[in-house]
Amino acid sequence: MSPPVFLADGALLSGDRVVLDGPEGRHAATVRRLRPGERVDLTDGAGLLAECVVAEADRASLTLDVLTRRTEPPPEPRLVVVQALPKGERGELAVETMTEVGVDAIVPWSAARCVTQWRPERREKALARWRNASREAAKQARRSRLPEVVDLASTEAVAERLAAASAALVLHEEADEPLSGVRPPETGDVVLVVGPEGGITEDELDRFTAAGARPVRLGPTVLRTSTAGVAALSILQAATTRW
């Protein structure tokens, strides 16, 4: 079994002995009940990974000896998902599962047909929930790089991102081209748009295709917006050298 991963400030990982305290240390010591001699990995979330062994444990922290450290390069191509806002807690579910399969960036999108809309007074809290879901899922998946969860995007901002991408794709149930037939580029951003439960409007689709995006379909069934992204990412991962 691979060792658990905890987040730590990159500056702490340069020494031969590290004290993991705060929320991460308390979780490691009291919830995971890690004890001397057990293996632990620490990461700064930006690619730096320190392989450690527990030297001392108390109720609120661990003292760790660093065995080795390495910096893992960013994966190529970079997989970016523009996720229309799902209703209820399905947003966090989408973020969690996409993080587990290796998404590199998530762009919340306020599509025209989204049932849920992040009102200005609630936007920061909603975004914080997405980022927390991504952070915890990245630790569970033993990732050394946390996905970037950016601020809420408008349709115009999404179109600009698509225009700048190395490959731009829009999931659409009426598309002729299957996603499984797409050959992603070796480098750059692959940006994939996942629409809301009510579907992408014609105006949105026209705007995205004008920006260079290709409509693609997953298969004969229609998936929820909260699960379509993870299914599409799995296909793209298998089409690259990342999987």
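It should be emphasised that the depicted structure is a prediction, and the values quoted were computed from it without experimental measurement. (Residues numbered from 1 in each chain as written. Predicted model: local features only at pLDDT ≥ 70, side-chain atom pairs only at ≥ 80, totals over all residues. Heavy atoms only, no water.)

**Details of the overall build of the protein**
Right, so step 1: When you go through the protein residue by residue, the secondary structure sums to six helices and eleven strands.
Right, so step 2: Projected onto its principal axes, the C-alpha coordinates of the protein cover approximately 60 × 40 × 30 Å.
Right, so step 3: By residue count, 47% of the 243 residues in the protein fall in the buried class.
Right, so step 4: Restricting the contact set of the protein to residue pairs at least 6 apart, pairs at least 24 apart contribute 71%.
Right, so step 5: Accessible area for the protein stands at about 12000 Å²; split by element, carbon and sulfur atoms hold 48% of it.
Right, so step 6: Mean positive and mean negative side-chain charge positions of the protein (31 and 36 charges, respectively) differ by 5 Å. (Helix = DSSP H or I, 4+ residues; strand = E, 2+ residues; numbered from the N terminus. Buried < 20%, exposed > 50% of the residue type's maximum accessible area, 1.4 Å probe, protein only. Contact = heavy atoms within 4.5 Å. Areas by Shrake-Rupley, 256 points an atom, 1.4 Å probe, with all protein chains shown as cover. Lys, Arg positive; Asp, Glu negative; His and termini not counted. Charge placed at Lys NZ, Arg CZ, Asp CG, Glu CD.)

**Quick word on the packing of aromatic side chains**
Right, so step 1: Counted under the stated rule, the structure contains two aromatic pairs.
Right, so step 2: Judged by centre distance (5.1 Å) and plane angle (85°), the rings of W118 and W130 are edge-to-face. With W118 in the loop between strand 7 (105–109) and helix 3 (120–140) and W130 in helix 3, the pair connects residues that are twelve residues apart, well separated along the chain. Both residues of the pair, W118 and W130, belong to the buried class. (Phe/Tyr/Trp six-rings, centres within 6.5 Å; stacked < 30°, edge-to-face > 60°.)

**Examining the sheet that holds strand 11 (residues 214–216)**
Right, so step 1: A sheet is described by the order of its strands in space; here six strands give the open sequence 8-7-6-10-9-11, paired in parallel fashion. The strands lining the two open edges of the sheet, one partner per strand, are strand 8 (148–149) and strand 11.
Right, so step 2: With three bridges connecting them, strand 9 (residues 167–171) and strand 11 associate as parallel partners. Opposite L171, over in strand 11, you have V216 as the bridge partner. (Pairing = 2+ DSSP bridges.)

**Here we look at the sheet that holds strand 4 (residues 48–57)**
Right, so step 1: Reading across from one edge, 1-3-4-5-2 is the order of the five strands in this open sheet, with mixed pairing throughout. Each edge of the open sheet is held by one strand with a lone partner, namely strand 1 (5–7) and strand 2 (17–20). Taken over all neighbouring pairs, the strand axes of this sheet differ in orientation by 40° on average, direction set aside. (Axes fitted to C-alpha atoms, helices over the stretch in contact; angles between N-to-C directions.)

**A closer look at the packing of helix 4 (residues 155–164) against helix 5 (residues 202–210)**
A packed helix pair is summarised by two numbers, namely the angle formed by the two axes and the spacing between the axes.
Right, so step 1: Closest axis-to-axis distance for the helix 4/helix 5 pair is 8 Å, and the angle between their directions is 30°. Between helix 4 and helix 5, the crossing angle belongs to the class labelled roughly parallel. The hand of the helix 4/helix 5 crossing is right-handed. Listed contacts from helix 5 to T155, E156, V158, A159 and L162 of helix 4 are E204, R207 and F208. (Parallel < 35°, antiparallel > 145°, perpendicular 65-115°, else oblique. Left-handed = near helix turned anticlockwise from the far one by under 90°.)

**Remarks on the packing of helix 2 (residues 90–101) against helix 3**
Right, so step 1: Two numbers describe how helix 2 lies on helix 3: the axes approach to 8 Å, and their chain directions differ by 30°. Every pair of crossing elements has a handedness; the one defined by helix 2 and helix 3 is right-handed. Seen from helix 2, the contacting residues are G91, E92, V95, E96, T99 and E100; seen from helix 3, they are R129, W130, A133, S134, A137 and A138.
Right, so step 2: Grouping the amino acids of the contact of helix 2 with helix 3 by side-chain chemistry returns five nonpolar, three polar and four charged. (Nonpolar A, V, L, I, M, F, W, Y, C, P; charged D, E, K, R; others polar.)

**Remarks on the side chain of T97**
Right, so step 1: Of note, T97 is situated in helix 2.
Right, so step 2: When neighbours within four sequence positions are excluded, T97 is seen to be in contact with S226 and V230.

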